[in-house]
Amino acid sequence: MTEPGRTTGAAEPATVWRNAPFLRLWSGESASAVGSELAVLAIPTLAVTVLAASTFEIGVLTALETVAFLVIGLPAGAWVDRMRKRRVMLAADLTRALLLATIPVAWLLGALTIWQLMVVAALVGAATVFFDVAYQSYPPMILPSALLGDANGKLEASQQVARVGGPAASGALLAALRPALVVGIDALSYLASFVALLGIRDDEQPRPEHERLPLVTEIREGLAFVFHQPLLVRVVLCTAGLNLFSGIGGTVLPLLVLRDLHLGTLVWGAATSVGAVGGLLGALAAGRVARRVGEGTAIPVAAVAAGVGALLLATPGLVPTLAVPLLVLAEFLTSAGVLVYNITQVTYRQRICPPRLLGRMNASIRFVVWGVVPIGGITAGLLGTWLGVEATMWVAGVGAVLAALPVLLSPLLGMRELPAEPAAA
């Protein structure tokens, strides 16, 4: 017997290519991914080169982009579980588009400040919390369980295609246009995602009022599910560690590349795009890797690869003449590791979680794994001011390698198959 909300697969297409709702979701997310990748370089470039932000201000800006996961991440999961997930995504896309559009408008009026950038970052981050929780909970609403791995691989592959072309395109656009205008393109990409989601039809119904428990009780139920799954707890701890130290390194990386190494946005974008090919290959090969080494083993192996890649990001400062190839190698290894890791563990999460807990499960995990990112941003600002940018990059790299220990020293290593059925809640 199947729980309400989870497709049975009896009358479902045998391939995601014939599932119209998924194809619309995929196209919309691909459009917003392209825009987001354009903004990845544009926002720090705007802060560093136009608004002359300090190291600490860059740290605060980075922290504000993800602080909402820490502040509202848990209740967002309970709220999303009470609502239609597609409507949540629609509202979040429209909100992000309008907020980001204020940046080029303010710049054209000569009124843009670092404070506006920070406020927009915080509010966009809040909308992203709701979108991401709903987005990761939505595929099981429109696909049978057997197709989730393939669907997640395709969603991640399109993200990586954006990462391959996005930074290079962003670097070129930043050389031709003002950074604020490139942010405006990101706003348009969220509108494209909004339009794609409008065309989806599903039969998801919000939970009836009489089935709802007090908010605190529902939040506790989601946390309890996550932390009563021993393997999932290991994955959460590893992901949180990787995100914490990647957040530290990612915060000061623009300062290293643009200010210390003087590479410029065009070179930085091209190096990032070439390196991101590793992520595309990782997304395409994730299923094959899991079959060859085992689903469980793929998680620690990929985590170690991602950590080593983060450590390599600290090396361009040691050998400035080799800065570009070192950046490419570091991005390649990090991207490949992260994509294999994410596809494997997200599919595992979706398979074992009862549909009624999907939003709360994803929100509980994201509360931990993304809640550490603003801590990383503030830490990077403080360490960068105290120790310097290069030393902070080394702290981030060593920490990212050590973050793999929870899954490396666990039953996951050597495990051929991960559980495929919902676990007891």
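Preceding block: the structure.
Below or above, wherever it landed, is the structure these notes cover. Computed from a predicted model, the values in this text were never measured in an experiment.

## Topic: the overall build of the protein chain
A count of helices and strands for the protein chain gives 18 helices and zero strands. When each of the 425 residues of the protein chain is scored for burial, the buried share is 57%. Counting only contacts in the protein chain whose residues sit at least 6 apart along the sequence, the fraction spanning at least 24 positions is 88%. For the protein chain, the exposed area adds up to about 17000 Å²; of that, 69% sits on carbon and sulfur atoms.

## Observations regarding helix α10 (residues 230-260)
Under the 1.5 Å per step criterion, the end-to-end length of α10 is 44 Å for 31 residues, consistent within 8% with the ideal 45 Å. Considering bend angle alone, the principal kink of α10 is centred on Val252 and spans about 35 degrees; proline Pro254 follows within four residues of it. His262 lies just past α10 and shows a positive phi near 55 degrees.

## With respect to the packing of helix α12 (residues 277-293) against helix α14 (residues 323-352)
The N-to-C vectors of α12 and α14 enclose an angle of 35 degrees; their axes lie 7 Å apart at closest approach. Read as a crossing pair, α12 and α14 show a hand that is right-handed. On α14, the residues that touch Val277, Gly278, Gly279, Leu281, Gly282, Ala283, Ala286 and Val289 of α12 are Phe332, Ser335, Ala336, Leu339, Val340 and Ile343. For the contact of α12 with α14, the per-class residue count stands at ten nonpolar, four polar and no charged.

## Observations regarding the environment of Val340
As for its position among the elements, Val340 is in helix α14. Considering only alpha carbons, one finds Val340 and Glu156, 184 residues apart in sequence, at a separation of 9.4 Å.

## Observations regarding the packing of helix α2 (residues 55-71) against helix α16 (residues 372-386)
α16 packs onto α2 with a crossing angle of 175 degrees between their chain directions and a minimal axis gap of 7 Å. With respect to their mutual orientation, α2 and α16 come out roughly antiparallel. Along the contact surface, α2 presents Thr55, Phe56, Gly59, Val60, Thr62, Ala63, Thr66 and Val67, while α16 presents Val373, Pro374, Gly377, Ile378, Gly381, Leu382, Gly384 and Thr385. Of the residues contributing to the contact of α2 with α16, the split by class is eight nonpolar, eight polar and no charged.

## What about helix α1 (residues 20-50)?
Given a rise of 1.5 Å per residue, 31 residues ought to cover 45 Å, and the 44 Å separating the end C-alpha atoms of α1 matches this to within 8%. Where α1 bends most, the angle comes to about 30 degrees, and this point is Ala39. Structurally, the start of α1 carries an N-cap: the backbone nitrogen of Phe22 is 2.9 Å from a side-chain oxygen of Asn19. The positive-phi residue at the C-terminal boundary of α1 is Ala52, with phi of around 50 degrees.

## Observations regarding the environment of Gly384
If you trace the backbone, Gly384 turns up in helix α16. Through-space distance from the C-alpha of Gly384 to that of Gly249 is 10.0 Å; in sequence the pair is 135 residues apart.

## Describing a nonpolar patch on the surface
Side chains of Val301, Val398, Leu402, Leu405, Leu408, Leu409 and Leu413 sit close together on the surface and give an oily, nonpolar patch of about 600 Å² of accessible area. Secondary-structure elements contributing two or more residues to the nonpolar patch are α17 (389-402) and α18 (405-408). Along the chain, Val398 falls in helix α17.

## Side note on the nonpolar core
With 63 residues, the main nonpolar core has Phe22, Leu25, Met89 and Leu143 as its most contacted residues. If you tally residues by element for this core, the top one is α10, at seven residues. When residues no more than four places from it in sequence are discounted, the contact partners of Met89 are Leu25, Phe131, Ala134, Tyr135, Tyr138 and Leu197. Within the second largest apolar cluster, 50 residues are counted, among which are Ala42, Ala121, Val183 and Ala314.

## Observations regarding the packing of aromatic side chains
Under the defined criterion, the tally for this structure stands at five aromatic pairs. In this structure an aromatic cluster arises from ring pairing among Trp17, Phe22 and Trp26. Across from the ring centre of Phe131, 4.5 Å away, lies the NZ or CZ of Arg96, which sits over that ring.

## Observations regarding the pattern of salt bridges
Under the defined criterion, the tally for this structure stands at six salt bridges. The partner of Lys154 in a salt bridge is Asp150, and the shortest N-O contact between them spans 2.7 Å. Remark: Asp150 and Lys154 occur in helix α7 (residues 148-176); sequence separation between them is four residues, near one turn of the helix. The salt bridge partner of Glu221 is Arg360, with a shortest N-O separation of 2.9 Å. With Glu221 in helix α9 (residues 215-227) and Arg360 in helix α15 (residues 358-369), this residue pair connects regions lying 139 residues apart in the sequence. Glu221 sits in the partly exposed class, given a relative accessible area of 25%. By relative accessible area, which is 3% here, Arg360 ends up buried.

Reading guide: rules and limits
- Residues numbered from 1 in each chain as written.
- Predicted model: local features only at pLDDT ≥ 70, side-chain atom pairs only at ≥ 80, totals over all residues.
- Heavy atoms only, no water.
- Helix = DSSP H or I, 4+ residues; strand = E, 2+ residues; numbered from the N terminus.
- Buried < 20%, exposed > 50% of the residue type's maximum accessible area, 1.4 Å probe, protein only.
- Contact = heavy atoms within 4.5 Å.
- Areas by Shrake-Rupley, 256 points an atom, 1.4 Å probe, with all protein chains shown as cover.
- Expected span 1.5 Å × (residues − 1).
- Bend = angle between axes of the 7 residues up to and from the residue.
- Axes fitted to C-alpha atoms, helices over the stretch in contact; angles between N-to-C directions.
- Left-handed = near helix turned anticlockwise from the far one by under 90°.
- Nonpolar A, V, L, I, M, F, W, Y, C, P; charged D, E, K, R; others polar.
- Parallel < 35°, antiparallel > 145°, perpendicular 65-115°, else oblique.
- Polar contact = N/O pair within 3.5 Å; in protein donor to acceptor, adjacent residues only side chain to side chain.
- Patch = residues over 30% accessible without salt bridge, like charges linked within 9 Å, V, L, I, M, F, W, Y side chains within 5 Å.
- Salt bridge = Lys/Arg side-chain N within 4 Å of Asp/Glu carboxyl O.
- Core = buried A, V, L, I, M, F, W, Y, C linked by side-chain atoms within 4.5 Å.
- Phe/Tyr/Trp six-rings, centres within 6.5 Å; stacked < 30°, edge-to-face > 60°.
- Lys NZ or Arg CZ within 6 Å of the ring centre and 35° of its normal.

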